[in-house]
Amino acid sequence: MWSSLRNREKQIKGAWLMMGDFNAVVGVDDRMNGREVQDHETKDFRELLEDYSLTELPTVGKSYTWTNSHVFSRIDRAIVNDQWITSMPPVQAHVMESLFSDHSPICIEIEDYCDNKKRPFKFYNCMVDHPEFEKIIKENWYSQGRKMAALWQNLKNVKEALKRFNRTEYMNITGKIKASREQLKDIQRKMNHADIPGSLFEEERKILAQLEKWSMIEESIYKQKSRVQWLKEGDTNSAYFFATMKGRKMQNQITKLMDNKGCVLTKPKCIEEEITGFYKQLLGTAAQSIPAIHPGWIKNGPVLSREQQMQLVRPFTKEEVLQALKGIADMKAPGGDGFNSYFFKKYGILLVMK
């Protein structure tokens, strides 16, 4: 079967979905109550997925797709290739009730998913390279003082300014790249003639520079969204970053959810209410009082020396803050305000610490 699937994958061009009973497990969690999953059971399937960059669609519903009333296994799947991920809307596979069969049928619904939720602000590292970036920061960092309230207000001002800046400068980058390529093709067609105006060479140079600029920006944004850390920018990995970004989005989205009554929820409002209600029930209600610890237990236990106590309350220095910041990767530590460590490394830290 695995050889047949490999041959089929080579023959099909474009996006495709393969769904059904593979009669094989992929990991140790794919079987319950039976014999322990061995490496030779997963080897062929894993190699197929890795060699051809195949991905399993996220599922909703039952965790296992086959049972003999004692052993439960997950051997039915919906597999897609990377072109499916990049070109199709995000979908989930619904593992339905088995009824009279020992297998649970899998159902998917392919439809345009309309996500109208307001997106939170996210600082893109490529903004720092824009010649107007420093000016925007200075013009919007005007609250005086070193208290947290002033810092919060300044970051809020900068965030609103960068939102406007993003809409004017970085919207529809893919369209800008496509337009630049069309312009470049048109100029190069004109340059095939014998009499070539000198202005065409200068125009070609400018468009090439624009194309390179927008291509690098697109790659930087896709890399940041994909959270891939081990590849360097400039390696023209835009397609890989885009596929990874879409894969993360597909895994993180919840378009269907089954409640404790077995009903499948599809409306965003119902899904939100079900998740909120679940965690409210899980966490319970607020306690009216917190039991106190007997002071004698603390006194007779291990305690810090006076020197250790003073070390804990010692004011930190600017150098220690900078050293800690340098140890954070550029795309790490995004706060609730959308700014990551790269923003503070490049410019924001100078404003905060001055």
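Residues numbered from 1 in each chain as written. Predicted model: local features only at pLDDT ≥ 70, side-chain atom pairs only at ≥ 80, totals over all residues. Heavy atoms only, no water.

Asks: Lay out a nonpolar patch on the surface with the relevant residues and their values.
Replies: A cluster of nonpolar side chains, contributed by Phe278, Tyr279, Leu282 and Leu283, occupies part of the molecular surface with about 480 Å² of accessible area. Counting through the fold element by element, Tyr279 comes out in helix α9 (residues 268–283). On the accessibility criterion, Tyr279 (45% relative accessible area) is partly exposed. (Patch = residues over 30% accessible without salt bridge, like charges linked within 9 Å, V, L, I, M, F, W, Y side chains within 5 Å. Areas by Shrake-Rupley, 256 points an atom, 1.4 Å probe, with all protein chains shown as cover. Salt bridge = Lys/Arg side-chain N within 4 Å of Asp/Glu carboxyl O. Helix = DSSP H or I, 4+ residues; strand = E, 2+ residues; numbered from the N terminus. Buried < 20%, exposed > 50% of the residue type's maximum accessible area, 1.4 Å probe, protein only.)

Asks: Go over unusual backbone geometry with me, naming the residues and quoting the values.
Replies: Positioned with a positive phi, Asn23 is a non-glycine residue whose angle comes to about 55°. Counting through the fold element by element, Asn23 comes out in the loop between β1 (17–21) and β2 (31–32). The residue Asn33 is not glycine, and still its phi comes out positive at about 75°. Mapping Asn33 onto the fold places it in the loop between β2 and α2 (39–51). A relative accessible area of 48% places Asn33 in the partly exposed class.

Asks: So what's going on with the sheet that holds strand β7 (residues 76–80)? Residues and values would help.
Replies: The sheet built from three strands is open, its strands ordered β1-β7-β3 with antiparallel pairing. One side of each edge strand has no neighbouring strand; the edge strands of this open sheet are β1 and β3 (55–56). As defined by bridge partners, β1 adjoins β7 across five bridges and the pair is classed as antiparallel. For Gly20, the partnering residue across the bridge sits in β7 and is Arg77. (Pairing = 2+ DSSP bridges.)

Asks: So, the sheet that holds strand β6 (residues 72–73): which residues are in play, and what are the values?
Replies: Sheet architecture is open: three strands sit in the order β2-β6-β5, paired in antiparallel fashion. Here the strands that pair on one side only, and so sit at the sheet edges, are β2 and β5 (66–67).

Asks: Describe the side chain of Asp76, with residues and values.
Replies: One can find Asp76 in strand β7. There is no salt bridge for the buried Asp76, and the closest opposite charge comes from Arg77, which lies 7.8 Å off by N-O distance. Here His103 takes part through its side chain, which lies 3.0 Å from a polar atom of the side chain of Asp76. Sequence-distant contacts of Asp76, defined by excluding residues within four places in its chain, comprise Gly20, Asp21, Thr65, Trp66, His103 and Ile106. (Lys, Arg positive; Asp, Glu negative; His and termini not counted. Polar contact = N/O pair within 3.5 Å; in protein donor to acceptor, adjacent residues only side chain to side chain. Contact = heavy atoms within 4.5 Å.)

Asks: Account for the nonpolar core, with residues named and values stated.
Replies: If you look at soluble globular proteins, the nonpolar side chains tend to sit buried side by side. Counting residues in hydrophobic clusters, the biggest one holds 33 residues, and the most contacted among them are Phe123, Met127, Phe133, Leu162, Tyr170, Phe339 and Phe343. In terms of residues, this core owes the most to one element, helix α7 (residues 198–226), which gives six residues. If sequence neighbours within four positions are ignored, Phe133 has contacts with Phe123, Met127, Val128, Leu162, Phe343 and Tyr347. If you look at the next biggest cluster of nonpolar residues, it comprises 13 residues, including Leu5, Trp16, Met18 and Leu48. (Core = buried A, V, L, I, M, F, W, Y, C linked by side-chain atoms within 4.5 Å.)

Asks: Residue-level account of the packing of aromatic side chains, with values.
Replies: Overall, the coordinates contain 14 aromatic pairs when judged by the stated rule. Taken together, a centroid distance of 5.0 Å and an interplanar angle of 35° make the contact between Trp2 and Phe45 tilted. Here Phe45 lies in helix α2 and Trp2 lies in helix α1 (residues 2–11), a separation of 43 residues in the sequence. The burial state of Trp2 is the same as that of Phe45; both residues are buried. Pairing Phe339 with Phe344 gives two aromatic rings, centres 6.5 Å apart and planes at 65°, and the pair type is edge-to-face. (Phe/Tyr/Trp six-rings, centres within 6.5 Å; stacked < 30°, edge-to-face > 60°.)

Asks: Describe the environment of Ala78, with residues and values.
Replies: Summarising the element assignment, Ala78 is placed in strand β7. The exposure class of Ala78 is buried, given its relative accessible area of 3%. Counting along the chain gives 20 residues from Ala78 to Pro58, while the straight-line C-alpha distance between them is 8.5 Å. Not counting the four nearest positions on each side in its chain, Ala78 is found in contact with Leu17, Met18, Met19, Thr55, Glu56, Leu57 and Ala93.

Geometric values such as these leave the question of function open.
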